[in-house]
Amino acid sequence: MLNGNTMSKSTPETFFSAIPMAMRDPILGITEAFNADTNPEKINLGVGVYYDDNGKVPQLQCVREAEAVMLKKAMPHTYLPIDGLPSFITAVQKMVFGEDNPALREGRIITTQALGGTGALRIGADFLRRFSPNPQVWISDPSWENHRALFEASGFTVNAYPYYDAATRSINFNGMVEAFQSMPEGTAVVLHACCHNPTGLDLSEGQWDEIMAVIQERSLVPFLDMAYQGFAQSLEADGRIVRRFSENCPYVLVSNSYSKSFSLYGERIGAFSLVTRSADEAARALSQVKRVIRTNYSNPARHGADIVTTVLTSPELYTMWDNELSEMRSRIRQMRERLAQDLSALREDADFHYITLQNGLFSYSGLGKEQAETLRNDHSIYALDTGRICVAALNSANIGRVAKAIARVL
């Protein structure tokens, strides 16, 4: 019998011994530091999750009622098709693109269930890398940290187009347009449909018109990431830009997520869609997208898809969901306005109006890296080094303390 020492001496070096430690994800790393903090008054403003005013992740009433309906059906736990639950796909297409969408009527849109918004982005990235002649993609500067990582993992060279102007705390729109005008034809560009992550700054309708015109002129391929539909203005208004792109561009890729809007974070339920020029092209594209899925995770999970489908296809539950989402959106808006008011009262020498111009869960607060570190070290308040904070993590009990801490470190 070999003892431990003998095994150690006889086992050759392997490539595993040379594996370096990977850098921590900036968002998940903040959460790890938060969890290790023993201060009972610690506050996590880093993670992108909606919390209610009690600091809890809510379970929506529409979800509870949908699960009650599902329980009565007692469906067997069989495999789903590679592209996902058919009724989910139909419901998502109607919601995202609109029932009267010409591309949908003509069979030019394909949709597959995905493992959340991240999974949808990766499906699209892998599909693009297989068939796009241009191995480059452009994301906004700044953008969600995982955008760069997942497109690089798919084999793309990732570039960044100007988006945020730190000096004015607004969108650098002229720089954005100039970058789009210089991109080679066929280049893929990732756009945030609403609630830009991390800045919270969204394009106006007029700016979207200009961007769409440049995309058409340069034959660029837009990839719209819509992770927060319903958190800016409304479900209808937030989804309008996707519909406009689908009606005006020959090719459009879309990733959308139901993690935030249904408070279904652990179910990893989202969708990937592709708008093509013809039904025949769509069928061929779907066959290749299904190959991407098959070689990755084979087929998706069912529970989250059943919940979303049940709500989207029930007029009563859909209305309930829309109302609950409106309440979440309203609470975030209240916290955003309260934060700006409190900071303005504490620091009369500074203008915090820019916070109220942002949408969605996040705000580019104006904090720098050293200030974010001071917040963590001295106040047990955790924000990203970029200054991004999750406004949805603020509530009536902690917002006063957060405002005072930020005012001290700015």
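I will try to describe carefully the structure that is included in this document. (Residues numbered from 1 in each chain as written. Predicted model: local features only at pLDDT ≥ 70, side-chain atom pairs only at ≥ 80, totals over all residues. Heavy atoms only, no water.)

## Concerning the overall build of the protein
Summing up its helical and strand segments, the protein has 15 helices and 13 strands in all. Whereas a compact globule of 410 residues would reach a radius of gyration of roughly 22 Å, the protein reaches 23 Å, a difference of no more than 12%. The principal-axis extents of the C-alpha atoms in the protein amount to approximately 75 × 60 × 55 Å. By residue count, 54% of the 410 residues in the protein fall in the buried class. In the protein, the share of contacts with a sequence separation of at least 24, taken over all contacts with a separation of at least 6, comes to 74%. Carbon together with sulfur atoms contributes 50% to the accessible area of the protein, which is approximately 19000 Å² in total. When the 39 positive and 46 negative side-chain charges of the protein are each reduced to one mean point, those points stand 5 Å apart. (Helix = DSSP H or I, 4+ residues; strand = E, 2+ residues; numbered from the N terminus. Rg over C-alpha atoms; globule rule 2.2 N^0.38 Å. Buried < 20%, exposed > 50% of the residue type's maximum accessible area, 1.4 Å probe, protein only. Contact = heavy atoms within 4.5 Å. Areas by Shrake-Rupley, 256 points an atom, 1.4 Å probe, with all protein chains shown as cover. Lys, Arg positive; Asp, Glu negative; His and termini not counted. Charge placed at Lys NZ, Arg CZ, Asp CG, Glu CD.)

## Focus: the sheet that holds strand β3 (residues 136-141)
Spatially, seven strands are ordered β2-β10-β9-β8-β7-β3-β4 in an open sheet, and the strand pairing comes out mixed. Because the sheet does not close on itself, it has two edges, and the strands there are β2 (109-115) and β4 (157-162). The mean angle between the axes of side-by-side strands here comes to 25°, regardless of whether they run parallel or antiparallel. Docked against the sheet, helix α4 (residues 86-97) engages β2, β8 (221-226), β9 (252-257) and β10 (269-275), running at close to 110° with respect to β2. Seen against the sheet, helix α11 (residues 279-294) touches β2 and β10 and runs at an angle of roughly 15° to β2. (Pairing = 2+ DSSP bridges. Axes fitted to C-alpha atoms, helices over the stretch in contact; angles between N-to-C directions.)

## Concerning the pattern of salt bridges
Inspection of every chain in the model, using the stated rule, returns 14 salt bridges. Notably, a salt bridge pairs Arg347 with Asp349, separated by 2.9 Å at the nearest N-O pair. We classify Asp349 as exposed; its relative accessible area is 59%. Residues participating in the shared-partner salt-bridge network are Glu205, Asp209, Arg240 and Arg244. (Salt bridge = Lys/Arg side-chain N within 4 Å of Asp/Glu carboxyl O.)

## So, the packing of aromatic side chains
Taken as a whole and assessed by the stated rule, the structure comprises 15 aromatic pairs. Relative to Phe362, the ring of Tyr228 has its centre 5.8 Å away and its plane inclined at 90°; by these criteria the two rings are edge-to-face. Note that Tyr228 is positioned in the loop between β8 and α10 (235-248) and Phe362 in strand β11 (residues 362-364), a separation of 134 residues in sequence. With respect to burial, Tyr228 and Phe362 carry one shared label: buried. Clustering of aromatic rings is evident, with ring pairs tying together Phe88, Tyr258, Phe262, Tyr318 and Trp321. In this arrangement the basic side chain of Lys42 is found over the ring face of Phe34, its NZ or CZ atom lying 4.6 Å from the centre. The side chain of Arg129 reaches across the aromatic face of Phe156, ending 6.0 Å from its centre. (Phe/Tyr/Trp six-rings, centres within 6.5 Å; stacked < 30°, edge-to-face > 60°. Lys NZ or Arg CZ within 6 Å of the ring centre and 35° of its normal.)

## Considering the packing of helix α9 (residues 205-218) against α10
One can describe the packing of α9 onto α10 by two numbers: an axis separation of 11 Å at closest approach and a directional angle of 30°. Viewed along their axes, α9 and α10 adopt a mutual orientation that is roughly parallel. Taken as a pair, α9 and α10 cross one another with a handedness that is right-handed. Contacts between α9 and α10 involve Glu205, Trp208, Asp209, Met212, Ile215 and Gln216 from the former and Arg240, Ile241, Arg244, Phe245 and Asn248 from the latter. (Parallel < 35°, antiparallel > 145°, perpendicular 65-115°, else oblique. Left-handed = near helix turned anticlockwise from the far one by under 90°.)

## Notes on the layout of surface pockets
Vacant regions in the atomic arrangement are exposed by a probe of water-molecule size rolled over the atoms. One number sums up the size of the largest pocket: a volume of about 560 Å³. Looking at the largest pocket, it is lined by 24 residues, and the ones nearest its centre are Gly48, Thr118, Trp144, Tyr228 and Lys260. Looking at the lining of the largest pocket, the elements that each hand over two or more residues are α2 (26-36) and α6 (116-131). Broken down by element, the residue count for the lining of the largest pocket peaks at three residues, all from α6. (1 Å grid on protein atoms, 1.4 Å probe; cavity = no way out; pocket = protein on both sides within 12 Å on 5 of 7 lines; lining within 4 Å. Points joined across faces, edges and corners; volume = space filled by probe spheres on them.)

## Describing helix α14 (residues 369-379)
Those residues of α14 that fall on the buried side of the exposure criterion are Ala372, Leu375, Arg376 and His379. Along α14, the residues classed as buried sweep out an arc of 120° about the axis, all on the same side. Projecting away from the buried face of α14 at angles above 90 degrees are the exposed residues Glu370, Asn377 and Asp378. Buried-residue contacts for α14 involve α2, β12 (381-382) and α15 (399-409). Just past α14, the residue Ser380 takes up positive phi, approximately 55°. (Arc of directions from axis to C-beta.)

## Considering the nonpolar core
Residues Phe88, Phe180, Leu191, Phe245, Tyr258 and Trp321 are the most contacted members of the largest nonpolar core, which totals 105 residues. Not counting residues within four places of it along the chain, the set of residues in contact with Phe180 comprises Tyr161, Val189, Leu191, Ile211, Val214, Ile215, Arg218 and Leu220. Core analysis: the next-biggest nonpolar cluster, separate from the first, contains 32 residues, Ile27, Leu121, Val221 and Phe272 among them. (Core = buried A, V, L, I, M, F, W, Y, C linked by side-chain atoms within 4.5 Å.)

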